[in-house]
Amino acid sequence: MFIDFILLAFSGFVLKFALPRGSGRLGASFILEREDWLSMHNITAIIITILIVIHLIMNWVWIKNMIKALFVNNFVNKNAKNKK
Ligand code: HEM
């Protein structure tokens with residue numbers, strides 16, 4: 001996930017700053033062709049989206065408990081009561 005994000009961010013910055021849209025001839029290149037950077041950006045974007053969904057599913061119990069603790073059980077008041 002980390003490596004995928006690095007590739008995604010790097011290809012995004014190359015597209016933004018080294019090869020912005022309309023920055024010259026079609027097929028401009030910076031190490032790789034612009035088309036290749038776009039493909040890398042698209043593929044890593046799809047992969048990270050899938051990884052984020054898997055990450056959310058794997059940590060769903062944590063998310064559910066945190067929502068419960070913060071909004072349903074009134075966590076802070078309960079703790080304060082138990083200390084007395
Ligand atoms: C550091 C972060 C990022 C930067 C600097 C960045 C930059 C860019 C730029 C400049 C473009 C336009 C490319 C063009 O000229 O056609 C672009 C397109 C795009 N970005 Fe990013 N991006 C970043 C992160 C992301 C993330 C996190 C996602 C999705 C998970 C994403 C998905 C896309 C998609 C789907 C396109 C359209 C590509 C196409 O036209 O085929 N980007 N991005």
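Residues numbered from 1 in each chain as written. Predicted model: local features only at pLDDT ≥ 70, side-chain atom pairs only at ≥ 80, totals over all residues.

A. Region of the structure containing helix H2 (residues 34–58). With 25 residues, H2 should cover 36 Å at 1.5 Å per step; its first-to-last C-alpha distance of 36 Å lies within 8% of that length. Buried within H2 we find Arg34, Trp37 and Thr44. Contact partners of the buried residues in H2: helix H1 (2–18), strand E1 (29–30) and strand E2 (32–33). (Helix = DSSP H or I, 4+ residues; strand = E, 2+ residues; numbered from the N terminus. Expected span 1.5 Å × (residues − 1). Buried ≥ 20, exposed ≤ 12 C-beta atoms within 10 Å, placed from the backbone. Contact = placed C-beta atoms within 7 Å.)

B. Inspection of unusual backbone geometry at higher detail. Despite not being glycine, Ile31 shows a phi value in the positive range, around 65°. Considering the arrangement of structural elements, one finds Ile31 in the loop between E1 and E2.

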